[in-house]
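Results of the structural survey
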Amino acid sequence: MENNRAKIFMPFDALPGFREALAERERIAVPRSELSVDAQEELDRKIKETRPGDLVTVIYYSRDEYVKLYGLVSKIDCERRILQVAGCEVPFSDLARLAICSVTKNK
């Protein structure tokens, strides 16, 4: 009986997906900015210093906006030019910033 009573007070979404569609329309597209030669060289240097297990913060461009991601590096694929952080694959070409927060110690 109490289960039925609880269903009465559950929120009702008359238009499924409508809130998500509104949020997508309200999103402001940000143009991609090109890195300077010095900034690109610095980013390349940091990528070479990064090792799996390092704790990093990355800012990358995805779907018309910049995204900040914080987590452990699980993989660096130089052939495919992809950095995998917290389960998210980030192409090197989309990276805007990379900061190494803590470095794993090699035994």
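Preceding block: the structure.
Okay, so let's go over this structure. None of these values were measured; they are calculated from a predicted model. (Residues numbered from 1 in each chain as written. Predicted model: local features only at pLDDT ≥ 70, side-chain atom pairs only at ≥ 80, totals over all residues. Heavy atoms only, no water.)

**Re the overall build of the protein chain**
For the protein chain, the count of helices and strands is 3 helices and 5 strands. In the protein chain, the succession of α and β elements from N to C terminus is α-α-α-β-β-β-β-β. Across the 107 residues in the protein chain, those meeting the buried criterion constitute 21%. A separation of at least 24 residues holds for 52% of the contacts in the protein chain among residues at least 6 apart in sequence. Here the protein chain displays about 8,600 Å² of accessible surface, and carbon together with sulfur accounts for 55% of that area. (Helix = DSSP H or I, 4+ residues; strand = E, 2+ residues; numbered from the N terminus. Buried < 20%, exposed > 50% of the residue type's maximum accessible area, 1.4 Å probe, protein only. Contact = heavy atoms within 4.5 Å. Areas by Shrake-Rupley, 256 points an atom, 1.4 Å probe, with all protein chains shown as cover.)

**Remarks on the pattern of salt bridges**
Inspection of the entire model under this criterion finds 5 salt bridges. Of the charged contacts, one joins E49 and R45 as a salt bridge, the two residues approaching to 2.4 Å between their closest N and O atoms. Placement of both E49 and R45 in helix α3 (residues 37-49) is noted, with a separation of 4 residues, approximately one turn of the helix. On the accessibility criterion, E49 (40% relative accessible area) is partly exposed. On the basis of relative accessible area, R45 is assigned to the partly exposed category, the value being 37%. With a closest N to O distance of 3.7 Å, R80 and D77 form a salt bridge. (Salt bridge = Lys/Arg side-chain N within 4 Å of Asp/Glu carboxyl O.)

**Regarding the sheet that holds strand β1 (residues 55-62)**
Read from one edge of the open sheet, 5 strands run β4-β3-β2-β1-β5, paired in antiparallel fashion. Here the strands that pair on one side only, and so sit at the sheet edges, are β4 (88-91) and β5 (95-102). The average angle at which neighbouring strand axes cross in this sheet is 45°, direction not considered. Relative to β4, strand β3 (residues 82-85) runs antiparallel, the two sharing 4 bridges. Across the sheet, residue Q84 finds its bridge partner in β4, namely E89. (Pairing = 2+ DSSP bridges. Axes fitted to C-alpha atoms, helices over the stretch in contact; angles between N-to-C directions.)

**Section: unusual backbone geometry**
Here the phi dihedral of D64 falls at roughly 65°; this positive angle occurs in a residue that is not glycine. In this fold, D64 is placed in the loop between β1 and β2 (65-77). Even without being a glycine, A86 presents a positive backbone phi close to 50°. Structurally, the position occupied by A86 is in the loop between β3 and β4. With a relative accessible area of 51%, A86 lands in the exposed category.

**Looking at the nonpolar core**
In this structure, V58, L83, L95 and L98 are the most contacted members of the largest nonpolar core, which totals 13 residues. Among the elements of the structure, α3, β1, β2, β3 and β5 are those that each provide at least two residues to this core. Sequence-distant contacts of L98, that is, excluding residues within four places in its chain, are made with L43, K46, I47, T50, V56, T57, V58 and L83. (Core = buried A, V, L, I, M, F, W, Y, C linked by side-chain atoms within 4.5 Å.)

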